[in-house]
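A look at the structure
Here is what each chain is made of, one letter per residue.
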Amino acid sequence: MEKRRQEIVELVKRESEISFAELKQHFPEVSEVTLRKDLKYLDSTLQIIRIHGGAKSLPAAIGTVDNFYTRSTKHIEEKRVIAAKAVKLLRPNNSLFIAAGSTCAEMTKVLPDIPLQVFTDGLVTALELSKYSNIEATMIGGQINTDSVRSSGFKVFEELNKLHFDFFFLGTDAYRPDFGFVCCSAHAAALFQTLIERSDKTVVLMDSSKVDAIRAARSIPTNQVDIVVSDGGLSNATAKALSQAGVMLL
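Parameters and conventions
All residue numbers here refer to positions counted from 1 along the written sequence of the relevant chain. Only residues with pLDDT of 70 or above have their local features reported here, since the model is predicted, and side-chain atom pairs are shown and tallied only from 80 upward, although totals for entire chains, interfaces and linings are computed over all residues. The side-chain values count all of the structure's non-hydrogen atoms but skip hydrogen atoms and water molecules. Helix numbers and strand numbers start at the N terminus; a helix is a DSSP run of H or I with at least 4 residues, a strand a run of E with at least 2. Buried, partly exposed and exposed residues are distinguished by accessible area as a fraction of the type maximum, computed with a 1.4 Å probe on protein chains only: under 20%, between the cut-offs, and over 50%, respectively. Working convention: axes come from line fits to C-alpha atoms, limited for helices to the stretch in contact. Angles between N-to-C directions cover 0 to 180 degrees. To sort the angles, those under 35 degrees are grouped as roughly parallel, those over 145 as roughly antiparallel, those from 65 to 115 as roughly perpendicular, and the leftovers as oblique. What makes a crossing left-handed is the near helix being turned counterclockwise from the far one by less than a right angle; a clockwise turn instead makes it right-handed. In this description, contact between two residues means that some pair of their heavy atoms is separated by no more than 4.5 Å. Residue polarity is assigned by list, with Asp, Glu, Lys and Arg as charged and Ala, Val, Leu, Ile, Met, Phe, Trp, Tyr, Cys and Pro as nonpolar; anything else, Gly included, falls into the polar class. Strand pairing requires that DSSP identify at least two bridges connecting the strands. Seen with its strands pointing away from the viewer, a crossover is right-handed if its path from the first strand over the helix to the second goes clockwise.

**Points about unusual backbone geometry**
Phi is positive for Asn 93, which is not a glycine, with a value near 75 degrees. Note on placement: Asn 93 falls in the loop between α6 (76-86) and β4 (95-98). On the accessibility criterion, Asn 93 (62% relative accessible area) is exposed.

Here it is in structure tokens:
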């Protein structure tokens, strides 16, 4: 059974998306009931994504070709609402880390020009910070990841281990109440965990389209986040789940 399930995972990865009929052709000796149980198990363990009539690989479901510049054109108004709310948390002389990402970049555009220490791993965010006269901006060093337009590598962690922040602001690829806030890369997951440990408050910027959008193998548990800033479109069920986890919703 384990061998068959691993073969299913590899097949879905290779094809990106496969219909149940195609899957049945690859395993003609296995009953439909058993194959559906296999898909249910692999979906529940976050190895594939079940869809109507078949399955997708995680990269296909997440949309790894959807780079920063594509993402920055989506849900613009929602991101602006979130940015306006988020900056109200700030006070003079706060220290903060603003992660790379399109929603975080939108927040950076409307920061109050007051004395702040702002650190980032995002190239677009760093460029936005350069227009302020009262903000001390620092770009964390490392190799450039062109897909996420952020710095990465061990040097990023070396620098972070010497710092502490009042606020850590980050976006998320998706949110599920039973899973947490989704990270689609190993680097982002490790980076975010380090920043959570080195920050007094962790703030997730999340528009309502991210709820139950996808699943992935890495996440930040909901109870590790202090505040979620959203666009006002979250369902009552999502708001309740956040509240029960001790998260403030703005």
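**Regarding the packing of α6 against helix α7 (residues 102-109)**
For the pair α6 and α7, interaxial distance at closest approach is 8 Å and the crossing angle is 55 degrees. It follows that α6 is oblique to α7 by the angle criterion. The way α6 lies across α7 gives a crossing that is right-handed. Within the contact between the two elements, α6 uses Lys 79, Arg 80, Ile 82, Ala 83 and Ala 86 and α7 uses Ser 102, Thr 103, Glu 106 and Met 107. A per-class count over the contact of α6 with α7 returns 4 nonpolar, 2 polar and 3 charged.

**So, the pairing of β4**
Here β4 shows a buried face lined by Ser 95 and Phe 97 and a second buried face lined by Leu 96 and Ile 98. With 4 bridges connecting them, β4 and strand β5 (residues 116-120) associate as parallel partners. If you follow Phe 97 over to β5, its bridge partner there is Phe 119. Traced from β4 through α7 to β5, the parallel crossover comes out right-handed.

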